[in-house]
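Fold and contact review
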Amino acid sequence: MIDRIPYDRSGLRTSVVHLGLGAFSRAHLLTYLDDLARAGACEVGVLGASLQSERTADALVGQGCRYTFVEASAAGRQLREIGVLADVAGPARRHDLLRALADPSTTLVTTTVTEKAYGFDPVTRGLDPDHAAIRHDLAHPDSMTGVVGTLVAGLAARRSAGAGPVTVACCDNVADNGHMLAGVVTAVADRVDPATSAWIAEHVAFPCSMVDRIVPATTDELRAEVAAAGFDDAWPVVGEPYRQWVLEDRLGPGLPDLASVGVQLTDDVASWERMKLRVLNGMHSACAYLGLRRGLPTIADVVATPEASSFLDELQVEILSVLDPPLGEDPDAYAATVRSRFSNPEVGHRCRQIAMDGSAKLPQRILPTVAAALDAGASVRALARVLAWWVGHLRRTPPGELEDPRAGELSALVRDHLDGTSLAGALMALDGFAPARLRDDAAWLQILAEAVDCEGAP
Ligand code: CS2
């Protein structure tokens with residue numbers, strides 16, 4: 001049984017433009033907006049954009065942009081049709097995307113394009129001018145195609161159209177994501193179009209946000225499940241029941257009433273982001289690299305093992321010992337919920353998927369805790385083991401098959417540094433990876449070297 005769209009889609013008006021229409025946004029952001037539409041709101045239509053491939057646009061436009069969200073828990077699977085997606089623009093429809101960004105009825109722009117797409121340096125937090133998309137966009141200001149360049153071009157068009165203020169919310173797993181996005185957008189605008197940069201400073205709100213829902217990639221089994229329920233859906237999505245969206249209460253005008261469907265508006269997103277990135281995402285990456293080492297396919301398989309369970313106990317203590325949680329939140333209870341979410345057998349989140357892009361994820365998830373723990377004189381042994389399992393993954397994966405924006409560099413690094421001491425030093429010295437604090441802390445380098453020698457074998 002599918003819970004069909006109960007509202008009249010022709011009455012929806014588009015006020016949201018979303019960049020990066022992957023599985024996560026379809027199971028997270030769009031379900032909040034769909035709740036609003038089900039409650040009678042009209043201005044919650046979404047133009048989704050895929051910046052890199054036509055695949056999602058082809059699949060969704062071909063089925064009227066309706067799709068199924070499968071909410072999966074041990075108690076069962078509930079299928080719900082989502083109707084707020086009005087249109088999907090792939091790279092070939094860049095002009096439609098820019099037109100939507102410049103449209104006064106667009107009040108909210110959201111992004112989920114993954115950590116690696118923004119072109120910021122996680123150590124300095126400034127623009128990385130060597131990032132491929134940034135380099136391309138700076139060299140071709142009239143045809144910018146990366147996420148940052150597209151935002152700059154869209155905001156320039158908005159300025160020319162006199163379309164007024166807008167909110168641009170980064171929804172990726174990056175600490176202080178609103179400031180990061182404001183920083184890179186402004187840096188690119190400064191170089192290609194200073195007048196737009198000044199306009200952005202006055203008219204664009206870049207709130208920080210923390211988003212959370214465990215959403216694996218769509219598989220053919222999921223398509224078959226949804227087809228069996230009566231909808232030949234090329235692009236369904238599955239996720240856990242849990243979801244959370246904490247949004248900084250620093251928004252432009254005209255937004256849908258997100259608070260009425262459970263979005264938490266607050267002044268203090270930073271502590272939520274920190275807790276989620278360090279506890280959930282940190283433990284997720286840990287389980288993924290441990291799972292790949294033990295040949296286990298999914299996170300639920302990993303957390304069912306006694307080894308993972310006792311490792312996570314240890315890691316949890318290290319993470320929580322230096323965590324400054326949101327006011328009134330119990331970090332132990334939060335971690336317990338996270339771990340029970342990981343054990344959901346119905347989600348099928350593959351270790352391989354989470355293991356991708358380690359060079360962009362670990363600086364958000366693991367290294368800040370290491371730096372804080374070293375400052376506090378607390379233990380970092382379990383944290384070092386996560387990095388060692390990542391090294392094992394880098395060593396096992398044949399060059400050319402590693403899914404990471406710095407794949408070539410990382411494959412060469414593990415090839416050239418065989419012993420733990422040399423590898424630990426080289427890893428911490430990688431540009432734009434670890435905080436400077438970790439580069440020359442002899443005690444830390446020693447702990448990491450030992451972990452790599454014990455646990456980092458291919
Ligand atoms: C995961 C996240 O793929 C990954 O690296 O850790 O996508 C995780 O599932 C989400 O952040 C949960 O909100």
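Preceding this paragraph is the structure being described.
We now turn to the structure provided with this report. All residue numbers refer to position in the chain's written sequence, counted from 1. Side-chain atom pairs in this predicted model are given and counted only at pLDDT of 80 or more, local residue features only at pLDDT of at least 70, and totals for whole chains, interfaces and linings cover all residues. To obtain the side-chain values, all non-hydrogen atoms of the structure were included, while hydrogens and water were left out.

A closer look at the site of the ligand
One heavy atom within 4 Å of a molecule or strand is enough for the residue carrying it to be called near that molecule or strand. Neighbouring residues of the ligand: Asn-173, Val-211, Asp-212, Arg-213, Lys-276, Leu-280, Asn-281, His-284, His-349, Ile-354, Lys-361 and Arg-365. Whenever two N or O atoms come within 3.5 Å, that pair is a polar contact, provided that in protein one can donate a hydrogen and the other can accept it, and provided that, for residues adjacent in sequence, both atoms are side-chain atoms. A distance of 2.6 Å separates an oxygen atom of the ligand from a polar side-chain atom of Asp-212. Between Arg-213 and the ligand, the recorded distance is 3.0 Å, taken from a backbone N or O atom to an oxygen atom. Surface accessibility in these figures is a Shrake-Rupley result with a 1.4 Å probe; residues are shielded only by whichever protein chains are displayed. Out of a free accessible area of 340 Å², the ligand has 90% covered by protein chains.

Digging into unusual backbone geometry
The backbone of Thr-114 shows a phi angle near 80 degrees, a positive value even though the residue is not glycine. Secondary structure elements follow DSSP: runs of H or I no shorter than four residues count as helices, runs of E no shorter than two count as strands, and numbering proceeds from the N terminus. Along the chain, Thr-114 turns up in the loop between β7 (108–111) and α5 (132–139). Whether a residue is buried, partly exposed or exposed follows from its accessible area with a 1.4 Å probe, protein chains only, as a fraction of its type maximum: under 20%, in between, or over 50%, in that order. The class for Thr-114 is partly exposed, based on a relative accessible area of 30%. A positive phi is found at Asp-357, a non-glycine position, where the angle reads about 60 degrees. Looking at where Asp-357 falls in the secondary structure, it is placed in the loop between α14 (351–355) and α15 (358–365). By relative accessible area, Asp-357 is classed as buried at 4%.

Quick word on the packing of helix α12 (residues 306–321) against helix α17 (residues 381–396)
In a pair of packed helices, the angle between the axes and the distance between the axes together describe the arrangement. Angles here are taken between N-to-C directions and fall from 0 to 180 degrees, while the axes themselves are lines fitted to C-alpha atoms, restricted in helices to the stretch in contact. At a minimum axis distance of 8 Å, the contact between α12 and α17 shows a crossing angle of 120 degrees. On the side of α12, the interface is formed by Phe-311, Glu-314, Leu-315, Glu-318 and Ile-319, while α17 contributes Arg-381, Ala-382, Leu-383, Arg-385, Val-386 and Trp-389. For this scheme, ten residues count as nonpolar: Ala, Val, Leu, Ile, Met, Phe, Trp, Tyr, Cys and Pro. Four count as charged, namely Asp, Glu, Lys and Arg, and the remainder, Gly too, count as polar. When grouped by side-chain class, the residues that make up the contact of α12 with α17 number seven nonpolar, no polar and four charged. Whether two residues are in contact is decided by their heavy atoms: any pair within 4.5 Å suffices.

Structural notes on the pattern of salt bridges
For this analysis, a salt bridge means a side-chain nitrogen from Lys or Arg found within 4 Å of a carboxyl oxygen belonging to Asp or Glu. By the definition in use, this model includes 29 salt bridges. A salt bridge links Arg-80 to Asp-34; the shortest N-O distance between them is 3.0 Å. Here Asp-34 lies in helix α2 (residues 29–38) and Arg-80 lies in strand β5 (residues 76–82), a separation of 46 residues in the sequence. The class for Asp-34 is buried, based on a relative accessible area of 0%. Linking Arg-365 and Glu-115 is a salt bridge whose minimum nitrogen-to-oxygen distance equals 3.7 Å. One end of the pair, Arg-365, is in helix α15; the other, Glu-115, is in the loop between β7 and α5, and 250 residues separate them in sequence. Given a relative accessible area of 4%, Arg-365 falls into the buried group. When salt bridges with common partners are traced through the structure, they connect Asp-3, Asp-34, Asp-35, Arg-38, Arg-80 and Arg-243 into a single cluster.

Observations regarding helix α6 (residues 147–161)
Along an α-helix, residues three or four apart share an orientation, since each turn contains 3.6 residues. Across its 15 residues, α6 extends 21 Å between first and last C-alpha, which sits within 8% of the 21 Å expected from 1.5 Å per residue. Judged by how many residues are buried, α6 sits mostly within the fold: eleven of 15 residues are covered. Inspection of α6 places Val-147, Val-148, Gly-149, Thr-150, Leu-151, Val-152, Ala-153, Gly-154, Leu-155, Ala-156 and Arg-158 among the buried residues, and these make up the whole buried set. Positive phi shows up at Gly-162, right after α6, with a value of about 65 degrees. Take the number of residues in a helix, subtract one, and multiply by 1.5 Å to get its expected span.

Looking at the packing of helix α10 (residues 269–294) against α17
Running from N to C, α10 and α17 cross one another at 50 degrees; their axes reach a closest spacing of 9 Å. With respect to α17, the axis of α10 lies oblique. For the pair α10 and α17, the sense of crossing is left-handed. Contacts between α10 and α17 involve Ala-286, Tyr-289, Leu-290, Leu-292 and Arg-293 on the former and, on the latter, Val-386, Trp-389, Trp-390, His-393 and Arg-396. Looking at the contact of α10 with α17 residue by residue, the class counts come to seven nonpolar, one polar and two charged. Angles are sorted into four bins: roughly parallel if under 35 degrees, roughly antiparallel if over 145, roughly perpendicular if 65 to 115, and oblique for all others. By the definition used in this description, the sense in which the near helix is turned from the far one sets the handedness, with an anticlockwise turn below a right angle giving left-handed and a clockwise turn giving right-handed.

What about the pairing of strand β8 (residues 166–170)?
The side chains of a regular strand alternate, first on one face of the sheet and then on the other. Burial of β8 is extensive: five of the five residues sit out of reach of the surface. Across the two faces of β8 the burial is the same, with Val-166, Val-168 and Cys-170 and Thr-167 and Ala-169 all buried. Two elements, β7 and β8, share four bridges in a ladder whose sense is parallel. Bridge pairing in β8 places Thr-110 opposite Ala-169. By the bridge criterion, two bridges tie β8 to strand β9 (residues 204–205) in an arrangement that is parallel. In the sheet register, Val-166 faces β9, and the bridge partner there is Val-204. Strands pair, by our definition, only if DSSP identifies at least two bridges between them.

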